[in-house]
Amino acid sequence: MIGRLNHVGVATPSIDDSIRLYREMLGATDITEPFDLPPQGVRVCFVNLPNSQIELIEPLGEDSPLTGFLAKNPKGGQHHVCFEVEDIIAARDEMRAKGATILGTGEPRIGAHGTPVIFVHPKDMGGVLVELMQQPDEAH
Ligand code: CO
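Remember, it's a predicted structure, so these values are computed and weren't measured experimentally. (Residues numbered from 1 in each chain as written. Predicted model: local features only at pLDDT ≥ 70, side-chain atom pairs only at ≥ 80, totals over all residues. Heavy atoms only, no water.)

J.: Would you mind showing me how to read the overall build of the protein here?
T.: When helices and strands are tallied, the protein shows 3 helices and 8 strands. Secondary structure elements of the protein occur, N-terminal to C-terminal, as β-α-β-β-β-α-β-α-β-β-β. Against the globule reference of 14 Å for 140 residues, the protein gives a C-alpha radius of gyration of 15 Å, in line with a compact fold. If one aligns the C-alpha atoms of the protein with their principal axes, the spans along those axes are about 45 × 35 × 25 Å. Summarising the internal contacts of the protein: among those between residues at least 6 apart in sequence, 53% fall at separations of at least 24. Here the protein holds 11 positive side-chain charges and 20 negative ones, and the gap between their average locations is 6 Å. (Helix = DSSP H or I, 4+ residues; strand = E, 2+ residues; numbered from the N terminus. Rg over C-alpha atoms; globule rule 2.2 N^0.38 Å. Contact = heavy atoms within 4.5 Å. Lys, Arg positive; Asp, Glu negative; His and termini not counted. Charge placed at Lys NZ, Arg CZ, Asp CG, Glu CD.)

J.: Any chance you could explain the coordination of the cobalt ion here in plain terms?
T.: Reference values for angles at a metal are 109.5 degrees in the four-donor tetrahedral case and 90 or 180 degrees in the six-donor octahedral case. Binding of the cobalt ion to the protein goes through His-7 (NE2), Glu-55 (OE), His-80 (NE2) and Glu-131 (OE), at separations of 2.0 to 2.2 Å. Mapped onto the polypeptide sequence, the residues donating to the cobalt ion form the spacing pattern H-x47-E-x24-H-x50-E. Placement of the pair is His-7 in strand β1 (residues 5-11) and His-80 in strand β5 (residues 77-85), with a sequence separation of 73 residues. Classification of His-7 by relative accessible area gives buried; the value is 0%. (Donors = N, O, S within 2.8 Å, 3.2 Å for Na, K, Ca; no water. Buried < 20%, exposed > 50% of the residue type's maximum accessible area, 1.4 Å probe, protein only.)

J.: Looking at this structure, I do not really get a nonpolar patch on the surface. What am I missing?
T.: On the surface, a cluster of nonpolar side chains totalling about 370 Å² of accessible area is made up of Leu-21, Met-25 and Leu-26. On the basis of relative accessible area, Leu-26 is assigned to the exposed category, the value being 65%. (Patch = residues over 30% accessible without salt bridge, like charges linked within 9 Å, V, L, I, M, F, W, Y side chains within 5 Å. Areas by Shrake-Rupley, 256 points an atom, 1.4 Å probe, with all protein chains shown as cover. Salt bridge = Lys/Arg side-chain N within 4 Å of Asp/Glu carboxyl O.)

J.: How should I be thinking about the pairing of strand β4 (residues 53-59) in this particular structure?
T.: Side-chain positions along a regular strand alternate between the two faces of the sheet. Within β4, 6 of the 7 residues are buried, leaving the element largely enclosed by the surrounding structure. Examined bridge by bridge, β1 and β4 share 5 bridges and lie parallel to one another. Bridge pairing in β4 places Val-10 opposite Leu-56. Note: strand β3 (residues 42-48) against β4, 7 bridges, orientation antiparallel. The residue bridging Phe-46 from the neighbouring strand is Glu-55, located in β4. As consecutive antiparallel partners, β3 and β4 are separated by 4 residues. (Pairing = 2+ DSSP bridges.)

J.: How should helix α1 (residues 15-24) be read in this particular structure?
T.: Those residues of α1 not exposed but buried are Ile-15, Ser-18, Ile-19 and Tyr-22. For α1, the angular spread of the buried residues around the axis is 105°, confining them to a single face. (Arc of directions from axis to C-beta.)

J.: Explain the environment of Ile-102 to me, please; I cannot follow it from the model alone.
T.: By the secondary structure assignment, Ile-102 is in the loop between α3 (88-97) and β6 (109-110). A relative accessible area of 8% means that Ile-102 is categorised as buried. Through-space distance from the C-alpha of Ile-102 to that of Pro-136 is 21 Å; in sequence the pair is 34 residues apart.

J.: Would you mind going over the pattern of salt bridges with me for this structure?
T.: When the charged atoms of two side chains with opposite charge come close together, those side chains can pair. Summed over all chains, the structure comprises 7 salt bridges. Notably, a salt bridge pairs Glu-107 with Arg-92, separated by 3.1 Å at the nearest N-O pair. In this pair, Glu-107 is assigned in the loop between α3 and β6 and Arg-92 in helix α3, connecting sequence segments 15 residues apart. Classification of Glu-107 by relative accessible area gives partly exposed; the value is 49%. Using a relative accessible area of 9% as the deciding quantity, one classes Arg-92 as buried. Where salt bridges share partners, they join Arg-92, Asp-93 and Glu-107 into one cluster.

The structure is reproduced here in structure tokens:
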């Protein structure tokens, strides 16, 4: 089921400060413009790397899912890892059959890459919040 590592999600209280950090400390040159994802309650941008991406995520709105994480990690921190799967529904059903909890309603939502995603509860994945993302069509 598991495919490419698509990105690593990093939560931050300030996406602008984090962009500066990745530019100045790590010399990142290819960083996308931040954009809002209101249904997910986050503001997002991507640091493009030769083999993957870092997804910088800042809370958007009062009931952002990042609010609790940033209360525990005020400076931000590593939040989730995202793996591509061929079929998001099949992946969800397989995870459920193996006893994993899918966050929210369990219905896939459109993620930052415009393809459906689900999140698997960290308690079922060794403490790691796992995002599964249907791989983009051009990757087939
Ligand atoms: Co993500």
